[in-house]
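# Reading the structure
So you can see what is in the structure, the chains are spelled out below.
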Amino acid sequence: MQKVTTLGEFIVQKQEDFPFAKGDLTSLLSTIRLASKVVNREVNKAGLVDDILGSSGDENIQGEVQQKLDIYADQVFIHAMMTRGEVCGVGSEENDEFIAFDNPISRNGRYVILMDPLDGSSNIDVNVSIGTIFSIYRRVSPVGHKAVLEDFLQPGTSQIAAGYVIYGSSTMLVYTTGNGVNGFTLDPSIGTYCLSHPNMRFPDYGNIYSINEGNYIKFPEGVKQYIKYCQIRDEETNRPYTSRYIGSLVADFHRNMIKGGIYIYPTTESAPNGKLRLLYENNPLAFIAEQAGAIATDGYQRILDIKPTELHQRTPLFIGSKKMVEKAMEFMRDFKDFN
Ligand code: P6P
């Protein structure tokens, strides 16, 4: 029988990639693994129980209605981090300010986590795939004290790990620590993540473009021209491309990484800086994309190079197959003065 590598075994095996690590990154990734299983259990039965579906009636700092599962997932991950000691603080989409854990163990934590605990949650009630996105940094403030804002406002190039969980037809955890991207599928019969997608690579080309064309009228001219480019027949470049947009970032990104494609969330009338958040959506997915041979920009510059100034900062996102994003950036450059 073929030996299956579990996520736990893989994390320990890869610990050698971090000679300086004292096993706390290993422990931290295991904490995320456990918390994701708890969230997965609730996501999977969301349609069966009344008290976990629907909105909480509150709004987050983004002005977005919080779903009950959003808040549940946020609390599960925060509690898991708070009780394990490796982490001194968490920045989350669901909390206006970052949370600095104020207990003797956590103050000695060497890492901070930025996360979107349940992205795409407006899709929960209609049974569409949703996801958790996380990003891990070493703290820049001194150990032994509470985390400070500067620990969270680091450029994406400083990430030491990033990943996502996709709660879909199966539940997968995909992550990188800077040595490639690996995907693990949860086997619900034994409650264990098993290595199912080793060394994931983003195809250089694809024929899928993902964008909410409902915002077309107010798109930058370069985006409009790129969409037309995708739709014009050209046998040599396998066009017209196919439009696929789930409205759940993790699901669109995951499909495009496997099949090849580009996801674009540009500036729009209602989102003049783009809708997606730099610290806990764009940076972690950009790290994964680059580790899988793809690229991620804001239309002009590399996402990972952007120096954050605010916890919930938004940027446009062009992410996916290298040749497709490069072509989209050509249009953004050529039509920059036509907006
Ligand atoms: P729109 C979900 O709210 C999300 O943050 C991403 O998961 C998704 O890709 C995007 O917003 C959808 O936004 O404006 O197209 O509905």
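This structure is a prediction, so every number in the text was calculated from the model and none was measured.

Here D17 is to be found in the loop between α1 (7-13) and α2 (24-44). Judged by its relative accessible area of 33%, D17 is partly exposed. A sequence separation of 160 residues divides D17 from T177, and the C-alpha atoms of the two residues are 8.8 Å apart.

This next bit is on empty space enclosed by the protein. Enumeration according to the criterion identifies two cavities of 30 Å³ or more in this entry. Taken as a whole, the second largest cavity holds about 60 Å³ of empty space. Tallied by class, residues from the lining of the second largest cavity come to two nonpolar, five polar and two charged.

A separate point is the sheet that holds strand β12 (residues 242-243). If you trace the five strands from one edge of the open sheet to the other, you get β12-β11-β13-β15-β14, paired in mixed fashion. With one partner strand each, in any of the chains shown, β12 and β14 (295-297) form the two edges of the open sheet.

The next subject is the nonpolar core. Formed by 37 residues in total, the largest nonpolar core has its most connected members in L28, M81, I113, L118, I136 and Y175. Apart from the residues within four sequence positions on either side, L118 is in contact with V39, V43, L69, D70, A73, I124, I130, G131, T132 and Y167. Counting residues in each nonpolar core, the second largest holds 31 residues, with V250, F253, Y265 and A296 among its members.

Before going further, it helps to spend a moment on the domain arrangement of the protein. Domain assignment breaks the protein into domain 1 (7-197) and domain 2 (208-338). Just the C-alpha atoms count here: the centres of domain 1 and domain 2 sit 24 Å apart. Contact residues are listed per partner, giving 46 residues for domain 1 and 33 residues for domain 2. Summed over both sides, the interface of domain 1 with domain 2 buries roughly 2,800 Å², with 65% coming from carbon and sulfur. The interface formed by domain 1 and domain 2 contains one salt bridge. Notably, a salt bridge pairs R277 with E93, separated by 2.4 Å at the nearest N-O pair. For the pair domain 1 and domain 2, the interface holds 13 residue pairs in polar contact (both at pLDDT 80 or more). Counting only elements with at least two residues in the side of domain 1 that touches domain 2, the list comes to β5 (111-119), β6 (130-138), β7 (161-167) and β8 (171-176).

Turning to the pairing of strand β10 (residues 192-197), a few remarks are in order. Every regular strand shows the same layout, with side chains that alternate between the two sheet faces. In the sheet, strand β9 (residues 181-187) pairs with β10 via five bridges, with the strands oriented antiparallel. Bridged to G183 within β10 is H197. Turn length for the β9-β10 hairpin, with the two strands adjacent in sequence and antiparallel, is four residues, and the turn residue G191 shows positive phi of about 65 degrees.

This next bit is on the pattern of salt bridges. The tally for this structure, following the rule as stated, stands at 13 salt bridges. As a salt-bridge pair, E290 and R302 come within 2.8 Å of each other at their nearest N and O atoms. Of this pair, E290 sits in helix α7 (residues 278-291) while R302 sits in the loop between β14 and β15 (317-320); the two residues are 12 residues apart in sequence, bridging distant segments of the chain. Take E290: its relative accessible area is 25%, and that puts it in the partly exposed class. Salt bridges linked by common partners bring E93, R277 and E281 together as one network.

Definitions and limits used
Residues numbered from 1 in each chain as written. Predicted model: local features only at pLDDT ≥ 70, side-chain atom pairs only at ≥ 80, totals over all residues. Heavy atoms only, no water. Helix = DSSP H or I, 4+ residues; strand = E, 2+ residues; numbered from the N terminus. Buried < 20%, exposed > 50% of the residue type's maximum accessible area, 1.4 Å probe, protein only. 1 Å grid on protein atoms, 1.4 Å probe; cavity = no way out; pocket = protein on both sides within 12 Å on 5 of 7 lines; lining within 4 Å. Points joined across faces, edges and corners; volume = space filled by probe spheres on them. Nonpolar A, V, L, I, M, F, W, Y, C, P; charged D, E, K, R; others polar. Pairing = 2+ DSSP bridges. Core = buried A, V, L, I, M, F, W, Y, C linked by side-chain atoms within 4.5 Å. Contact = heavy atoms within 4.5 Å. Domains from an automatic or database assignment. Buried area = accessible area lost by both parts, 1.4 Å probe. Salt bridge = Lys/Arg side-chain N within 4 Å of Asp/Glu carboxyl O. Polar contact = N/O pair within 3.5 Å; in protein donor to acceptor, adjacent residues only side chain to side chain.

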